[in-house]
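# Examining the three-dimensional arrangement
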Amino acid sequence: MAQLWYGDDPASEYVVELFDRVEVRLGDGMVAEGLVKKIHPRRREVSVRYEDHIDAYRTTSNPRRKTVRVPVTAVDLIARDG
C-alpha cells in the first residue's frame, strides 16, 4: 500500500497513520482539530472526524461530530498516540 506523508512531502519524517490527532484547514478558512479515520492513498486524501462547535442546527449542548475528506496537504500533525 502506498504511504502518504504530512505536507505531501516524502522528505517529511511523519507518515500519515490512522487515529493521528491533526489540525485540518476547512474550505471556509476555518481550522478544526480531529482524528484521521480513513486514508485514501490513491486520491492523496484523508478523512478526518472533528467536532463542529459552530453548527447552528444543533439543539443540544453537545457539539456535532462531522467527517470531512480533504487533501493531505490541508492537514497538519498535532500528536500521535504511542
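The present account deals with the structure reproduced in this document. These numbers were taken from a predicted model, which means no experiment stands behind them. For every chain, the first residue of the written sequence is number 1, and numbering continues from 1 onward in sequence order. Only residues with pLDDT of at least 70 are given local features in this predicted model, and only at 80 or more are side-chain atom pairs given and counted; all residues enter the totals for whole chains, interfaces and linings. Excluded from the side-chain calculations are hydrogens and water; all other atoms, namely the structure's heavy atoms, are used.

## Remarks on the overall build of the chain
Cut-off, in case you're wondering: The secondary structure listing takes helices from DSSP runs of H or I that are at least 4 residues long and strands from runs of E that are at least 2 residues long, numbered from the N terminus. Whether a residue is buried, partly exposed or exposed follows from its accessible area with a 1.4 Å probe, protein chains only, as a fraction of its type maximum: under 20%, in between, or over 50%, in that order. Here a residue-residue contact requires only that any non-hydrogen atoms of the pair lie within 4.5 Å. Here the Shrake-Rupley method, with its probe set to 1.4 Å, supplies the accessible areas, and only the displayed protein chains count as covering residues. Neither His nor the chain termini are counted; the positive set is Lys and Arg, and the negative set is Asp and Glu. Each charge is placed at NZ for Lys, CZ for Arg, CG for Asp and CD for Glu.
For the chain, the helix and strand inventory stands at zero helices and five strands. Mapped from its N terminus to its C terminus, the chain presents α and β elements in the order β-β-β-β-β. Referenced to the eigenvectors of the C-alpha coordinate spread, the extents of the chain come out at roughly 45 × 30 × 20 Å. Taken over 82 residues, the chain has a buried fraction of 27%. Restricting to contacts in the chain with at least 6 residues of sequence separation, those with at least 24 account for 42%. A total of about 5,800 Å² of accessible surface is found on the chain, and carbon and sulfur atoms cover 46% of it. Taking the 14 positively charged and 14 negatively charged side chains of the chain as two groups, their mean positions are separated by 9 Å.

## A short note on unusual backbone geometry
Look at phenylalanine 19: it is not a glycine, yet its phi comes out positive at around 65°. Tracing the backbone through its elements, the reader meets phenylalanine 19 in the segment before strand E1 (21-25). At arginine 44, a residue that is not glycine, the phi angle is positive and equals roughly 60°. Summarising the element assignment, arginine 44 is placed in the loop between strand E2 (31-40) and strand E3 (45-52).

## Regarding the layout of surface pockets
How we decide: Only protein atoms enter the 1 Å grid used here, on which a cavity is any set of points holding a 1.4 Å probe that cannot leave and a pocket is any open set flanked by protein within 12 Å on both sides along at least five of seven lines; residues with an atom within 4 Å of a point are listed as lining. Grid points are joined across faces, edges and corners, and a volume is the space filled by probe spheres set on the points. Each residue receives one of three labels: charged for Asp, Glu, Lys and Arg, nonpolar for Ala, Val, Leu, Ile, Met, Phe, Trp, Tyr, Cys and Pro, and polar for the others, Gly being one of them.
In this structure, the largest pocket spans a volume of roughly 160 Å³. Where the lining of the largest pocket is concerned, the elements lending two or more residues are E2 and E3. Per-element tally for the lining of the largest pocket: the top contributor is E2, with four residues. Classifying every residue of the lining of the largest pocket gives two nonpolar, two polar and six charged.

## Topic: the pattern of salt bridges
What counts, and what does not: Salt bridges are identified by distance alone: a Lys or Arg side-chain nitrogen within 4 Å of an Asp or Glu carboxyl oxygen.
Enumeration according to the criterion identifies seven salt bridges in this entry. In this structure, the salt-bridge partner of arginine 80 is glutamate 17, at a minimum N-O distance of 3.7 Å. With arginine 80 in the segment after strand E5 (75-79) and glutamate 17 in the segment before E1, this residue pair connects regions lying 63 residues apart in the sequence. The class of glutamate 17 is partly exposed, set by a relative accessible area of 37%. Of the charged contacts in the structure, one is a salt bridge between aspartate 76 and arginine 25, with a shortest N-O distance of 2.6 Å.

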